[in-house]
Amino acid sequence: MRIRRHPLVLAVAFALAGPALAAGPCEAEIDSTDAMQFTKATLSVPASCKQFKVTLKHVGKLPKAAMGHNWVLAKTSDLAGVASDGIAAGLPNDYLKPGDARVIAATKIIGGGESASVSFDVAKLKAGEAYSYFCSFPGHSGIMKGTLTLAK
Ligand code: ZN
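All of these numbers come straight from a predicted model, not from anything done at the bench.

1. Side note on the sheet that holds strand 3 (residues 51–58)
Inference 1: In space, the three strands of this open sheet follow the order 1-3-6, with mixed pairing throughout. Edge strands, defined here as strands with exactly one partner in the open sheet, are strand 1 (27–32) and strand 6 (115–121). The average angle at which neighbouring strand axes cross in this sheet is 20 degrees, direction not considered.

Right, here's the structure in full:
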């Protein structure tokens, strides 16, 4: 008996099904902990997405005043400046300078058991630029950070 499976058809079917197996190609979930950690060190944003959604969960128990976390996206070259201005802005401003144009996307600060989401236009990302995400809670950005890349 002749097997009629064309390899190209299989490859296309796999490519179409592949990204749908996770949360969807245009969104990501990232956990944060009482041990001051993000559970992911890298995120990849497909250039084919119009918007990209990030959901941050705080899987710890500590309140946001003690171990608050947020998810802030900026150019890697802007990280230190956004973080230091954020500390001065304080918790009422979610540790971000109000109207900071360097911030591409950010969630509010959350405490243990809470979650928050943010969506941003993928068109804001430029190919070849280095982007980082981090937590702007005072003292966290040195450890709680990762890199975000625009995938072709
Ligand atoms: Zn944090």
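Anyway, onward from the coordinates.
2. Focus: the coordination of the zinc ion
Inference 1: In the first shell of the zinc ion, the protein supplies H69 (ND1), C135 (SG), H140 (ND1) and M144 (SD), at 2.0 to 2.7 Å from the metal.
Inference 2: Here the zinc ion is ringed by four donor atoms whose angles at the metal span 80 to 129 degrees, and the overall shape comes out irregular.
Inference 3: For the zinc ion, the donor residues sit on a single chain with the sequence spacing H-x65-C-x4-H-x3-M. In this pair, H69 is assigned in the loop between helix 2 (64–67) and strand 4 (72–75) and C135 in the loop between strand 7 (131–134) and strand 8 (145–151), connecting sequence segments 66 residues apart. In this pair, the class of H69 matches that of C135, namely buried.

Thresholds, definitions, all that
Residues numbered from 1 in each chain as written. Predicted model: local features only at pLDDT ≥ 70, side-chain atom pairs only at ≥ 80, totals over all residues. Heavy atoms only, no water. Pairing = 2+ DSSP bridges. Helix = DSSP H or I, 4+ residues; strand = E, 2+ residues; numbered from the N terminus. Axes fitted to C-alpha atoms, helices over the stretch in contact; angles between N-to-C directions. Donors = N, O, S within 2.8 Å, 3.2 Å for Na, K, Ca; no water. Tetrahedral: all angles 85-135°; square planar, octahedral: opposite > 155°, others 65-115°. Buried < 20%, exposed > 50% of the residue type's maximum accessible area, 1.4 Å probe, protein only.

Distances and angles like these do not, on their own, reveal function.
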